[in-house]
Amino acid sequence: MFKVAYFPGCSLSSTAKEYDVATRLVCEDLEIELVEVPEWVCCGATTAHITSELTAAVLPARSLIWAEKHNMTITSPCSACFSRLKMAQLNLEKYPGLKKEAEEILGETYSGKGEVLHLTRVMLERYGVDNIKAKLKKQLKGLKIACYYGCLMTRPAEVCENDRVEDPMLMDNLVSALGAQAVKWSYKTECCGAAFSLTKTEIVRKLSGDILKEAKASGAELIMVACPLCHSNLDARQPEISKLLKAELNIPVLYFTQVIGLALGYGYLDLMLNKHFIDPAPLLKAKGIL
Amino acid sequence: MDNKVPQLNIVGFLCNWCSYAGADMTGLGRNTYPSNIKVIRIPCTGRMDPMMIIEAFHNGADGVLVSGCHPGDCHYTEGNYYWRRRYPHLKSLLEHFGIDKRRFHASWVSASEGKKFAEVVKKVTAEVKDWRDNG
Amino acid sequence: MARIGVFVCHCGTNIAGVVDVTRVAKYAGSLPGVKVAVDYKFMCSDPGQNTIIDAIKKYGLDRLVVSACSPRMHEATFRRTAERAGINPYMVEMANIREHVAWVHSDDKELATQKAMKLMEMAVAKVRRSEALSKMFAPIEKRALVIGGGIAGIQAALDIAGAGYKVLLVEKEPSIGGRMAQLDKTFPTLDCSACILTPKMVAAAQDPNITLLTYAEVTEVCGFVGQFEVKIKKKAKSVNSKCIGCGVCTTKCPSKKALSEFDEKLAPRKAIYTPFPQAVPNVPVIDRTACTFFLTGKCKICEKVCPTGAIDYTQQDEFIKEKFGAVVVATGFDIYDHSNYGEYGYGEIKDVITGLQFERLISSTGPTAGHVTRPSDHREVKNVVFIQCVGSRDEAKKRPYCSRVCCMYTAKQAMLLKDHYPETQAYVFYIDIRSAGKNYEEFVQRAQNEYGVLYLRGRVSKIYERANKLLVKGADTLSGAQVEIEADLVVLANGFEPKKGAKEFAQLFHMSSDQYGFYNELHPKLAPVETAISGVFVAGCCQSPKDIPDTVAMASATAAKVCALFAKEKLEVEPLIAGVNQLTCSGCETCYNVCPYSAIEMKDKEVKRGEVRHVAEVLESVCKGCGACVGACYSKAVDLKGFTDRQVLDQVETATAPITDN
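Here we summarise the structure given alongside this text. As the structure is a computational prediction, the values presented were derived from the model and not from experiment. (Residues numbered from 1 in each chain as written. Chains lettered and ligands numbered in written order. Predicted model: local features only at pLDDT ≥ 70, side-chain atom pairs only at ≥ 80, totals over all residues. Heavy atoms only, no water.)

## What to know about the overall build of chain A
- Secondary structure summary: chain A contains 14 helices and 8 strands in total.
- Its C-alpha atoms give chain A a radius of gyration of 19 Å, within 12% of the compact-globule value 19 Å for 290 residues.
- Considering chain A as a whole, with its 290 residues, one finds that 54% of them fall into the buried category.
- For chain A, long-range pairs separated by at least 24 residues make up 75% of all intrachain contacts whose partners lie at least 6 apart in sequence.
- When the 34 basic and 34 acidic side-chain charges of chain A are each reduced to a single mean position, those positions are 4 Å apart. (Helix = DSSP H or I, 4+ residues; strand = E, 2+ residues; numbered from the N terminus. Rg over C-alpha atoms; globule rule 2.2 N^0.38 Å. Buried < 20%, exposed > 50% of the residue type's maximum accessible area, 1.4 Å probe, protein only. Contact = heavy atoms within 4.5 Å. Lys, Arg positive; Asp, Glu negative; His and termini not counted. Charge placed at Lys NZ, Arg CZ, Asp CG, Glu CD.)

Below, the structure written as structure tokens:
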């Protein structure tokens, strides 16, 4: 059995509940055991790492130490959580003073050897696209998908170890394996505006608008993502962006585990597809997938 | 490491075509290294007679470095291959004699690797110093 | 008893700024056998050398130590000085207190001075054991080999041939011409590249002293200056000497599998082909990896249409071995492969092309007959963005060096574009403009002022493909603004890098290369076309990126060096060779087996009266003085002149002894 330490993060218990549900459902089918880090705490995203180096290291360190103790790779489906875990690991290694302080606070020692990977790499690289392919119940024929990776999954390049930082192919390869078509487009790793969603919404409308426009122009019928924040910007903000652009975008945005779920035969409510602002049902029905 | 390591004597045998020229390049690039090494120019590492190294230690040298062209780059086609075969034998023989392995080194430095020569000398000097200071 | 003079050089402040030279000279004076020790500002200068000569005469010296720079720099100089004063030139030793002391130990003057004293003392110890050696001479094969048929090789061959010496010009491709043949126009005069190159190609082909060998490669080299023995592979052309170059075969060949190397893979080429219409020699070759007959056993159309019966499918690769006195290496360069640039699309965006591809597009002999259209959909272009420094001045891509020609060729290409299509707009992203050269800066100014090429100082962060356009995003660091340009075509100014296989080629000659793979010249300033291998010279971009005038100048310089070598009756060679003491030789043949030059002969010889033994003997004209035999001899019967066991052991002994300086 393939086993990993699972750090769902806060979004997956609230705005991105459907990501969590779909991920657990799919992983059970694929026999990937997700061992949730017990009593995990906030990764510290945005607030901690811009205010306190120590807090930004201590918060993820707790989960890192647990995973290391249990000899597991730790993964998060959220790009921001992944980024925080990974950066904390690097900073603890780089700054011995910081490490000492963190260890004192936590009362435990940390070797820094454990592996931190984003969920896409665990499922699509370690477990492998081919192994997923072997378990599929149906092919998503005729569906044109734009894979959107965002920034935190791929950057900084030397940390995320992505061989093609400007044009990642991991999810694109999955799409092909599922029988759908991955469109070629240039905006795979552009910034969606992220947390500016609440403070400077106009920036997000512009940046996410560019991404949506390009996806549409490249012929995609659906956008596939692997980050709850990207999702909320592309999906929840889509109606207002459409209004701004004076064009009906109407392009559903699904999590990659939801898309795998469809190919494993799960239905609309199983995968909580009803939670999306842009309802994917008409598209999926038209393609004969639902 | 600090370039000033007093009272340490290292003899360096450098082949004329690669390592000696490389050491000249170190100078052209003004890269510094500890001054303990005294260089003897030889035409090729294939000319190295083990006797010269034994004699150096016998006379009280703290360390010896032999450096030549990278394998495949020998000016005389194959001289450095002879040295490459001779080196490990001599090294184990010297260890048998009680010469600590930190004292005897070989390296490949090409005519363009001025920086590398400085690094090699620093490393060799540090190892010989480690032997002297820590036994 | 030896009478030694020690001469300590200040080298201006190069040495004297770090080393206490008077103390070195004073210490030298205290050493046994040293009759005189002086220091002087510049020993290598005329008055410096005269100081030495005067001292030799005044003190009756018989050997010298010069404490100065590297012997690789000035050993020959001081040997000549000794000779002028009537001393055997091999009674001179140098102590390298500049490169090996002053320049590398400037952080501690006391330790540097002590080391300088020691190195000088070691040289004194060595010179005490020096012996007078007599000059040796070797014959010179007065025929040159020029490797690479680009403008550098062609120029070198023409100049050597012009002096009356025979030249073999070897080229890997089916035609000579090289990179210059691919160019449309040349900067800063905008004259047509082919118009100035093809006459030279023809001249090379017609020169009675030049033999052309195209589609051939050097595979093996042995020997040395004056006597290189070179093995050359003549690749099977599948076309024999009956060919008259009518070109019917090429027209009729049905295969379109291969892409034209000459057109930078922008167009297909036939399986039987000449790289370009003006090829010299105008004889096609069959590319067997693309030929239908060689792949399937059927076709033979070329054979059917050939009017002279020149097609020969049975031809085999052929090897020839020839002797040369000197070699000019002019193997050229490759352009940087931008598939490492993710931000420019990993080399996968069809309308992001290299500068060399642009040359082919705008050239009237190119695949589009000079129409600049997009490779993806053949549409004409309106906005063209040029990006400089691709694979140059980029630490992240391990190419920190400047390729020297890209600023100029980008300006040229932008001007040509405007010349052909006045309604287009050209943008150039640059880091700095490097236009050092006669009329070069004026040329770039013209591009900006007369042609309206828009220069933006900054890097491009990303190229996006968007609805049949390329969106180029970058920064204009002068205005501080972000720039977005919708372009039809992006032209990268790819830098130069060493030719693929440059490293393996260097090993044939034991030439050294720099960290990137460009060949090293012997001295960066004073011996820019020589290599560490005597008799092997370098010209053109295999040594470092450069433009056509510099390449041509360098090629002519190599020719001058070759001619100077050939003008000598015979070659003076260093007598620093091995010698056998046959009285102690045990005849074990170890030296015979290790000698890389087969310079040892085993002979049955009367070594003492009435005692005939099997002993080794050194063939003096063949020995190169590597000393492999000396290192290997069990009975210490072989020794190496100039580096004798006794000399090295005395150096070792001195090196390990303390300085007795009061």
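## Brief notes about the environment of M122 of chain C
- With respect to the helices and strands, the residue M122 of chain C is situated in helix α5 (residues 109-128).
- Spatially, the C-alpha atoms of M122 of chain C and C633 of chain C are 25 Å apart, while their sequence positions differ by 511 residues.
- If near-sequence neighbours (up to four positions away) are discounted, M122 of chain C is found in contact with K38, V39 and I40 of chain B together with Q651, T654 and A655 of chain C.

## Considerations on the interface of chain B and chain C
- Between chain B and chain C, the contact holds 52 residues from the first and 53 residues from the second.
- Buried surface at the junction of chain B and chain C, summed over both partners, amounts to about 4,400 Å²; 58% is from carbon and sulfur atoms.
- Looking only at chain B, the three residues that lose the most surface to chain C are R41, R47 and Y76 of chain B, adding up to 15% of its buried area.
- For R41 of chain B, the salt bridge goes to E75 of chain C, with nearest N and O atoms at 2.8 Å.
- Taken together, the connections running from chain B to chain C amount to 18 residue pairs in polar contact (both at pLDDT 80 or more).
- Among the elements of the structure, β1 (10-15), α1 (19-28), β2 (37-42), α2 (50-58) and α3 (79-97) of chain B are those that each provide at least two residues to the side of chain B that touches chain C.
- Of the residues in the side of chain B that touches chain C, the class split is 26 nonpolar, 15 polar and 11 charged. (Buried area = accessible area lost by both parts, 1.4 Å probe. Salt bridge = Lys/Arg side-chain N within 4 Å of Asp/Glu carboxyl O. Polar contact = N/O pair within 3.5 Å; in protein donor to acceptor, adjacent residues only side chain to side chain. Nonpolar A, V, L, I, M, F, W, Y, C, P; charged D, E, K, R; others polar.)

## A word on the sheet that holds strand β12 (residues 227-234) of chain C
Residue and element names in this part refer to chain C.
- Spatial ordering of the open sheet is given by β11-β12-β17, a layout of 3 strands whose pairing is antiparallel. Two strands bound the open sheet, and with one partner strand each, they are β11 (216-224) and β17 (318-324). If you compare each strand with its neighbour and ignore which way they point, the axes differ by 20° on average.
- Of the strand pairs in this sheet, β12 and β17 are connected by 7 bridges, and their pairing is antiparallel. Counterpart to V230 in the pairing with β17 is E322. (Pairing = 2+ DSSP bridges. Axes fitted to C-alpha atoms, helices over the stretch in contact; angles between N-to-C directions.)

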